[in-house]
Amino acid sequence: MNELDALVESARAQFAQAATPADLENAKALFLGKAGRITELMKSLGALPVDEKKARGAAINQAKQAVEAALTDRRQALADAELQAQLRAEALDVTLSGRQRGHGGLHPVSLTLERIESIFGSMGFEVADGPEIESDWFNFTALNTPEDHPARSMHDTFYVEGGSDKAPNLLRTHTSPMQIRHAVQHVKRHRSMIDAGLQMPEIRVIAPGRTYRVDSDATHSPMFHQCEGLWVGENVSFKDLKYVFTDFCRTFFESDDLVLRFRPSFFPFTEPSAEIDIQFQQGPLAGRWLEVAGSGQVHPNVVRNMGLDPERYIGFAFGMGPDRLTMLRYGVNDLRLFFDGDVRFLAQFR
Ligand code: PHE
């Protein structure tokens, strides 16, 4: 390596060692400053003979340009590094996850109602919706439960303004008023058919919804759900009730060996009447009888209040508790959890 190449090498090495722009300026002075090594070489040119001057001058110039280029590179590198350091120092961490909006889901009782509707829908039942503020006529009287009937005492409820003296308004104590409401509509729609002696399309409906009673503990809430079922035609029997309800329960609980028991009972609007109990054969509740519905053959007086001739039309009705079904399906032991609105409980059903 000749002396000039060595000089350039040494400049590069010193520039590389400079960690700050100030260091670099000091290093630059060593080579390009007034008393720098390149400057000294230039000055020494004057003492050379003319014929050597040109070649030597060109070589020194080349070395000078190489040193200047090395200086520029290093300056740029230091500036880049400084910028990077600054960017790093001022960086904003935008990777922190934002506040999430929770995923909603249907309430467990709504899930049950949807399930009930889809199972009965597959059996050809319509779904009807009725008012929660009901008249005394539909809630009691039309259902063969006249004023002062002792059965009314089990349905203590909240009376609300409106209605008449003869038929005050109240919060419905069961979904059974929908039996009358729906049947009356159905009969009205098919009146001319019935009058002509033709066969009326059967009434086959379920009516889910909220109901109210003055009742409150771990298994009773002043507001609860019921789902009414009604099937009326010319040839509908208790056998059909047993078949339909058994099929429903087995489908609902996805359990083909579920056993049902129809226990004799009393309701003013059905005769005969039965309470329906179910028994699981497996699982934590195996062997226990659990009441899930009231039911019976529609009473002739009720058939009459539907606008039909009880000599010709017959049918069955049932009223079940979707809250109860939800507790059994998911193994919930306190009804109140459904209505507390605690998302930790509700989120489990998403
Ligand atoms: N409505 C009754 C109750 O709430 C249940 C029922 C419905 C019974 C239909 C018979 C027929 O207790």
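Residues numbered from 1 in each chain as written. Predicted model: local features only at pLDDT ≥ 70, side-chain atom pairs only at ≥ 80, totals over all residues. Heavy atoms only, no water.

**Thoughts on the packing of helix H2 (residues 21-32) against helix H4 (residues 50-90)**
Across the interface, H2 lies against H4 with an axial gap of 11 Å and an inter-helix angle of 175°. Classed by the angle they form, the pair H2 and H4 counts as roughly antiparallel. On H4, the residues that touch Pro21, Leu24, Glu25, Lys28, Phe31 and Leu32 of H2 are Lys64, Val67, Glu68, Leu71, Arg74, Arg75 and Leu78. Tallied by class, the residues present in the contact of H2 with H4 amount to seven nonpolar, no polar and six charged. (Axes fitted to C-alpha atoms, helices over the stretch in contact; angles between N-to-C directions. Helix = DSSP H or I, 4+ residues; strand = E, 2+ residues; numbered from the N terminus. Parallel < 35°, antiparallel > 145°, perpendicular 65-115°, else oblique. Contact = heavy atoms within 4.5 Å. Nonpolar A, V, L, I, M, F, W, Y, C, P; charged D, E, K, R; others polar.)

**Brief notes about the sheet that holds strand E2 (residues 133-135)**
Read from one edge of the open sheet, three strands run E2-E4-E3, paired in antiparallel fashion. Edge positions in the sheet fall to E2 and strand E3 (159-163), since each has one partner strand and no second. Each neighbouring strand pair of the sheet contributes to a mean axis angle of 40°, computed without reference to strand direction. (Pairing = 2+ DSSP bridges.)

**Describing the pairing of strand E9 (residues 289-298)**
Of all ten residues in E9, seven are buried; the element is thus mostly enclosed. Alignment of E9 against strand E10 (residues 314-320), held across five bridges, turns out to be antiparallel. Across the sheet, residue Gly296 finds its bridge partner in E10, namely Ala317. (Buried < 20%, exposed > 50% of the residue type's maximum accessible area, 1.4 Å probe, protein only.)

**Here we look at the site of the ligand**
Near the ligand there are 14 residues, and of these His174, Ser176, Arg213, Gln226 and Gly319 occur at the shortest range. His174 places a side-chain nitrogen or oxygen 2.9 Å from a nitrogen atom of the ligand. In the model, an oxygen atom of the ligand is placed 2.9 Å from a nitrogen or oxygen of the Gln226 side chain. Protein coverage of the free-state accessible area of the ligand, which is 330 Å², stands at 93%. Mapped by element, the contributors of at least two residues to the shell around the ligand are strand E6 (223-233), E9 and E10. For the shell around the ligand, the leading source of residues is E10, giving three residues. Here the shell around the ligand is composed, by residue class, of four nonpolar, eight polar and two charged. (Near = heavy atom within 4 Å. Polar contact = N/O pair within 3.5 Å; in protein donor to acceptor, adjacent residues only side chain to side chain. Areas by Shrake-Rupley, 256 points an atom, 1.4 Å probe, with all protein chains shown as cover.)

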